[in-house]
Amino acid sequence: MHKCLFALCGALFACTLSAAQVNDLYQGMAPTSGDMTAAQGQALSQVLVKVSGKRDILAQPEVVKALAAPKEFVQQYGYQDEGQVQMLKAQFVAAKVNALIAASKYALLGPARPQLAFWLVQDDGERRIISDQSGDGWSPVLRSQAQALGLPVSIPLMDLDDSMAVSATDVWGRFAGPILKASQRYGAEMVVLGQLVAKGEEWTLDWALYGPKSGATEQLTKGEVQGSQQEIATGLADALAGWLVENYGARLGGASSSQALQIEGVQGIDDMISLQKLLQGMASVTQVTIGQLNGDKVNFSLTLQGDKAELIRGLELEPRLQRLPDEGNLRYQWSQP
């Protein structure tokens, strides 16, 4: 999807507690086997799942047809060796991918997505928090399934800092506020707190997603998954992606519309770069133009393919933006944490 941006500088601005940018959203990889069409189709299927947050999109008639002839969606490709396997690495045209998703009547998520921290307590006779370096197999399978759906995920290191800040009892009891604060080191905006209980050869995960809402930390959604490690990880990722699409996704289609947006509290070029990158990541925004700059106030002109409500929901993902009262207009205060 083409973005028309006012170029100020090539530098990037990083800050904790800001919506993560999924840079490889329209990129897929597949093993080469002499059948270029099949490899491109497999890579395209990965992209469609990441962008839509739904695995069942691959069964839609329009998508099945596209996967059989994926060449027109490819922007560029190359090859990469992974061990003894040669992989096709393909970048796809965002506008065409988005149009295919829209034709299939699915919503999509843009590159701006909340950073999630997984705090899960495993109870198999002894309660302990699953760490990123644990050798029990949970970390890689959780990360793999989250990445398949384009979810930016952190799993705690459980080093001295984490151990001092969060205990297994805290997670089991779902003391979300302090845990969300402890997750700031990972840039997390939302936390998943869960209880993993062993039942014979299988597991049961009772989980809930927490994040800021109306100035407080609240439970946003919850669920329960049963099965093997793979089934647990898949079910959790599917549920989280589904909730994000429902609450922050955009359904493209229809005529484009223009929307004015004023942001106050902009202090310099780093803030300008951050705001451009943020708006570029909104699923419903197809073009961004910077207008009048007056003191610390910046006016943006946005071209939307979704509606105004979808834009507002997308902006809610960015905790550095707080909406200001202004009937009929979109005004936000920009602030650093």
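Refer to the preceding data block for the structure.
Residues numbered from 1 in each chain as written. Predicted model: local features only at pLDDT ≥ 70, side-chain atom pairs only at ≥ 80, totals over all residues. Heavy atoms only, no water.

Draft legend 1. The arrangement of the overall build of the protein in detail. From N to C terminus, the protein includes ten helices and 16 strands. Taking 2.2 N^0.38 as the reference for a compact globule, 337 residues should give roughly 20 Å; the C-alpha atoms of the protein span a radius of gyration of 21 Å, in line with that estimate. Projected onto the principal axes, the alpha-carbon positions of the protein cover approximately 60 × 50 × 35 Å. Per-residue burial over the protein gives 49% buried out of 337 residues. Long-range contacts, defined here as pairs at least 24 residues apart, represent 66% of the contacts in the protein between residues at least 6 apart. Summing over all exposed atoms, the protein offers an accessible surface of approximately 15,700 Å²; the carbon and sulfur share of this is 49%. (Helix = DSSP H or I, 4+ residues; strand = E, 2+ residues; numbered from the N terminus. Rg over C-alpha atoms; globule rule 2.2 N^0.38 Å. Buried < 20%, exposed > 50% of the residue type's maximum accessible area, 1.4 Å probe, protein only. Contact = heavy atoms within 4.5 Å. Areas by Shrake-Rupley, 256 points an atom, 1.4 Å probe, with all protein chains shown as cover.)

Draft legend 2. A look at empty space enclosed by the protein. According to the stated counting rule, one finds one cavity of 30 Å³ or more in the structure shown. In this model, the largest cavity occupies a volume close to 70 Å³. What lines the largest cavity is simply Leu109, Gly110, Ala112, Tyr248, Gly281, Met282, Ala283, Ser284, Glu310, Gly314 and Leu317. Residue classes in the lining of the largest cavity are distributed as six nonpolar, four polar and one charged. (1 Å grid on protein atoms, 1.4 Å probe; cavity = no way out; pocket = protein on both sides within 12 Å on 5 of 7 lines; lining within 4 Å. Points joined across faces, edges and corners; volume = space filled by probe spheres on them. Nonpolar A, V, L, I, M, F, W, Y, C, P; charged D, E, K, R; others polar.)

Draft legend 3. Here's a closer look at the packing of helix α4 (residues 138-148) against helix α8 (residues 229-248). Where α4 contacts α8, the axes come no closer than 9 Å and their chain directions differ by 35 degrees. The way α4 lies across α8 gives a crossing that is right-handed. Residue-level inspection shows Trp138, Val141, Leu142, Gln145 and Ala146 of α4 in contact with α8, the latter providing Gln229, Gln230, Ile232, Ala233, Thr234, Leu236 and Ala237. Grouping the amino acids of the contact of α4 with α8 by side-chain chemistry returns eight nonpolar, four polar and no charged. (Axes fitted to C-alpha atoms, helices over the stretch in contact; angles between N-to-C directions. Left-handed = near helix turned anticlockwise from the far one by under 90°.)

Draft legend 4. Broad picture of the sheet that holds strand β3 (residues 74-82). Pairing within the open sheet is antiparallel, and its three strands lie in the order β2-β4-β3. The strands lining the two open edges of the sheet, one partner per strand, are β2 (27-31) and β3. Direction aside, the axes of adjacent strands within the sheet are offset by 25 degrees on average. Looking at chain direction, β3 and strand β4 (residues 85-92) are connected through eight bridges and run antiparallel. Residue Gly78 lies in a different strand from β4, and its bridge partner there is Lys89. Here helix α1 (residues 36-52) sits on the sheet and contacts β2, β3 and β4; the angle it forms with β2, its principal contact strand, is near 140 degrees. (Pairing = 2+ DSSP bridges.)

Draft legend 5. Seen up close, the side chain of Gln122. One can find Gln122 in strand β6 (residues 116-123). Owing to a relative accessible area of 4%, Gln122 belongs among the buried residues under this scheme. In this structure the side chain of Gln122 is engaged in a polar contact, spanning 3.3 Å, whose partner is the side chain of Trp138. (Polar contact = N/O pair within 3.5 Å; in protein donor to acceptor, adjacent residues only side chain to side chain.)

Draft legend 6. Local environment of the packing of aromatic side chains. In this structure the tally under the stated criterion is three aromatic pairs. When the ring of Tyr77 is compared with that of Tyr79, the centres are 6.0 Å apart and the planes differ by 85 degrees; the resulting orientation is edge-to-face. Owing to a relative accessible area of 46%, Tyr77 belongs among the partly exposed residues under this scheme. Centroid distance Trp138 to Trp203: 5.4 Å. Interplanar angle 85 degrees. Geometry classified as edge-to-face. Remark: Trp203 occurs in strand β10 (residues 202-213) and Trp138 occurs in helix α4; sequence separation between them is 65 residues. Above the face of the Trp172 ring, Arg127 is positioned so that its terminal group lies 3.7 Å from the ring centre. (Phe/Tyr/Trp six-rings, centres within 6.5 Å; stacked < 30°, edge-to-face > 60°. Lys NZ or Arg CZ within 6 Å of the ring centre and 35° of its normal.)

Draft legend 7. Main features of the nonpolar core. One finds Phe118, Leu151, Leu209 and Leu240 to be the most contacted residues of the largest nonpolar core, which totals 35 residues. If you list the elements that add at least two residues to this core, you get β6, α4, β9 (190-199), β10, β11 (216-227) and α8. Per-element tally for this core: the top contributor is α8, with ten residues. Ignoring sequence-local partners within four residues, the contact set of Leu240 consists of Leu116, Phe118, Leu151, Val192, Trp207 and Leu209. If you look at the next biggest cluster of nonpolar residues, it comprises 25 residues, including Leu25, Val63, Ala66 and Ala250. (Core = buried A, V, L, I, M, F, W, Y, C linked by side-chain atoms within 4.5 Å.)

Draft legend 8. Region of interest: the pattern of salt bridges. Considering all chains together, one arrives at nine salt bridges under this definition. The partner of Arg127 in a salt bridge is Asp123, with the nearest N and O atoms 3.2 Å apart. Residue classification places Arg127 among the partly exposed positions, given a relative accessible area of 44%. Residues Asp326 and Arg331 are paired through a salt bridge, measuring 3.7 Å at the closest nitrogen-oxygen approach. Note on Arg331: relative accessible area 18%, which makes it buried. Because the salt bridges share partners, they merge into one network encompassing Asp159, Asp162 and Arg185. (Salt bridge = Lys/Arg side-chain N within 4 Å of Asp/Glu carboxyl O.)

Draft legend 9. View of unusual backbone geometry. Backbone geometry at Met158 places phi at a positive 55 degrees, although glycine is not the residue there. Assignment of secondary structure puts Met158 in the loop between β8 (153-154) and α5 (160-165). In this model, Arg174 sits at a positive phi of 60 degrees, which is unusual for a non-glycine residue. Its place among the elements puts Arg174 in the loop between α6 (168-172) and α7 (176-182).

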